[in-house]
Amino acid sequence: MTSRLTNKFKKTILIPFSFLLFILVFTPLGFLSFIIKKFKKTSTKRTFWIKRTKKINSMEKQF
Amino acid sequence: MIKILGISAFYHDSAATIIIDGEIVAAAQEERFTRKKHDPSFPFNAIKYVLRESQFNLSEIDHVVFYEKPLLKFERLLKTYISSAPRGMQSFMRSMPLWLGEKIFQKKMIFNNLKKIDVKFSDFNKIKFSEHHFSHAASAFYPSPFNKAIILTLDGVGEKATTTVAIGEKNKIEIKKEIHFPHSLGLFYSAFTYYLGFKVNSGEYKVMGLAPYGEPKYKDKILKNLIQLEDDGSFSLNMKYFNYETGFTMITEKFSKLFGNQIRESNQSLTQFHMDIASSIQAVIEEIVLKICMSIKEEYKIENLCIAGGVALNCVANGKILKKKIFKNLWIQPAAGDAGGSLGAALGYWHQDLNMERIVENKDKMKGSYLGPKFNNEEIEKNLNGLKARYHKKSDEEIFQETSYHLKNNKTVGWFQGRMEFGPRALGCRSILGNPLSEKMQKDLNLKIKFRESFRPFAPSIINEEVSNWFNTEEKSPYMLLVAEVKKDKQIEMNSYEKKLFGIDKLNIKRSSVPAITHVDYSARIQTVHKETNPRFYKLINAFKKLTGCPILVNTSFNVRGEPIVGSIQDAFKCFMGTNLDILVCENYMLFKSEQDKKLVNDYSKNIELD
């Protein structure tokens, strides 16, 4: 990255925000995803290819 | 006239490309200017260079296309953290502030950086974003000589995809299917690179070079435990053995336990075990790539294949695709890694989004991949004077005659000519050359000039018309991306004692009449030299042939271990004075080491970083 974040902004806002985000949102979702995976039927498919159904978005978009 | 600037950056091998009305005008990697190998930073220097070459200012450029879509990448990151939480917290805490603080605003960041190059650049909407694997696919298909082809892209990871299969026809590309992160052939190979003590995203060539010294003893173990491989070549990695998804290392402790040895320290010597591991992973990769190729040929029934992505630089696997004759024609993008993404992004926008026609010719549109900066004789003389170098100015004819004479006498030559190559290979413009007939050349070049491991092989550059007389192939390989065996009548059969030798001991055996370029398994990574794309190099090899009867030269990149290929005269002279190179030839100027001022010697070997 060419421009670095200011340490103060990173320390006071971004790092605590990331920590809370991980504890309050990602961890419960992670457990939920773990439980869903546990109960999901094991796939018997013989391929790991994923068919591309969605066309590539226009290059105007960042997604 | 429509001018498009393609950019790749922020992961590794950042680069810039400019195309004008669909023609590739210039392309270069940032590392060649900043002298930081695989430099990931925003390519200020490469952009300035391609603009200079095109004779346009940045504000006159119509579109700027970045090689991947940042928000898709961010989405993949979030999904990965969710599916693995509470693991990955440390990695999350490190990456999230960076994403939330700046990476998520990549368009603005690119705009601000472009403004630093040209304050008049003011149209925010000129900046577009191509998908990572689409950029690779476009870099492989659009410059190829095919009207219709299957396009296979294989690399570490882009946004979500790690492997894609697409169909290219006329000016359109359609991605048909893909395999998603964390299941990645590139990262799979890199995990072994890491296990063998080499640098990830850099040392993969070493694994490939080491493989022929070993036996694929662990192939079954890998296929049984680490990867599930289906008949159609699709695969899924067993993530219990890999840590790269949310951790800071490539592999877990379980991985080391599986093979019974700890990760090799970079300064630890290589043993037969390491060679067997390299041989095994190479064999697995080849099997997967061949399975994919056979299955997509069967499914789409198209005779042409284009390949790109970092895994496409595995020339041994490419050679196997050719040998199996699965496809009638094969074309591999020479800048197959992320640098080539800048080219693909620009070409992709031109053909796919602007719907511009594509004219297919018999030859590809890469111009030999000679797309970088060039220096004329006046500039060279001025620079050499500034460096206080002692030189001789020669005519073209004298340059070819005298250089070939010195090569015949086993002198090593730094060959700095014409436009710099785009992509990781030196193709006879920024090359170190040697005599392939010499038995000592491989060892000497590795240890005294490149300061690297003695096992690493060197590639032959051969004049195109002669290739089938020396190697078991008739294919053109202008980009050094194919491997073929030295012809039987040029091989020297090993005696019973030599056959029993293992690993590195095989290195000292003379295996063919061109020992310096013959690997231990009689293979060679060939570059065919064509008079249309590199006439000076072609003439030099011809002059060498007249003296020796051999139309081949040893060709290795003009750099030392850990350093990018030289870009400028200054870099070339520094490398010349810092190594045991005997002669430097810059266009029509010839420099002899023995004549240079001893005060200018700069001992490189003390400052070598691991590559």
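Residues numbered from 1 in each chain as written. Chains lettered and ligands numbered in written order. Predicted model: local features only at pLDDT ≥ 70, side-chain atom pairs only at ≥ 80, totals over all residues.

**Brief notes about the interface of chain A and chain B**
Turning to step 1, where the next piece is worked out: At the interface, 30 residues of chain A touch 44 residues of chain B.
Turning to step 2, where the next piece is worked out: Contributions of two or more residues to the side of chain A that touches chain B are made by α1 (7-39) and β1 (50-51) of chain A.
Turning to step 3, where the next piece is worked out: Looking at the side of chain A that touches chain B, its residues break down into 15 nonpolar, nine polar and six charged.
Turning to step 4, where the next piece is worked out: In this structure, β1(A) lies alongside strand β8 (residues 172-180) of chain B, joined through two bridges in antiparallel fashion. For A:Ile50, the partnering residue across the bridge sits in β8(B) and is B:Glu178. (Contact = placed C-beta atoms within 7 Å. Helix = DSSP H or I, 4+ residues; strand = E, 2+ residues; numbered from the N terminus. Nonpolar A, V, L, I, M, F, W, Y, C, P; charged D, E, K, R; others polar. Pairing = 2+ DSSP bridges.)

**Re the environment of B:Cys429**
Turning to step 1, where the next piece is worked out: Mapping B:Cys429 onto the fold places it in the loop between β14 (413-416) and β15 (430-434).
Turning to step 2, where the next piece is worked out: On a C-alpha basis, the gap between B:Cys429 and B:Cys586 in space is 9.6 Å, while along the polypeptide they are 157 residues apart.

**As for the sheet that holds strand β11 (residues 304-308) of chain B**
Turning to step 1, where the next piece is worked out: Read from one edge of the open sheet, six strands run β1(A)-β8(B)-β7(B)-β6(B)-β11(B)-β12(B), paired in mixed fashion. Both outer strands of the open sheet, β1 of chain A together with β12 (329-332) of chain B, are each paired with one neighbouring strand and no more.
Turning to step 2, where the next piece is worked out: Here strand β6 (residues 148-154) of chain B pairs with β11(B) via four bridges, running parallel. Pairing of B:Leu152 across the sheet is with B:Ile307, part of β11(B).
Turning to step 3, where the next piece is worked out: Contacts from helix α6 (residues 132-141) of chain B reach β6, β7 (161-169), β8 and β11 of chain B, with the element oriented near 135° to β6(B). (Axes fitted to C-alpha atoms, helices over the stretch in contact; angles between N-to-C directions.)

**Examining the domain arrangement of chain B**
Residues and elements named next belong to chain B.
Turning to step 1, where the next piece is worked out: What the domain assignment reports for chain B is domain 1 (1-67 + 70-129 + 341-360), domain 2 (179-332) and domain 3 (395-598).
Turning to step 2, where the next piece is worked out: Each of domain 1 and domain 2 was reduced to a C-alpha centroid, and the two centroids are 28 Å apart.
Turning to step 3, where the next piece is worked out: For the side of domain 1 that touches domain 2, the element with the highest residue contribution is helix α3 (residues 70-84), accounting for four residues.
Turning to step 4, where the next piece is worked out: Among the residues forming the side of domain 1 that touches domain 2, the class breakdown is one nonpolar, six polar and three charged. (Domains from an automatic or database assignment.)

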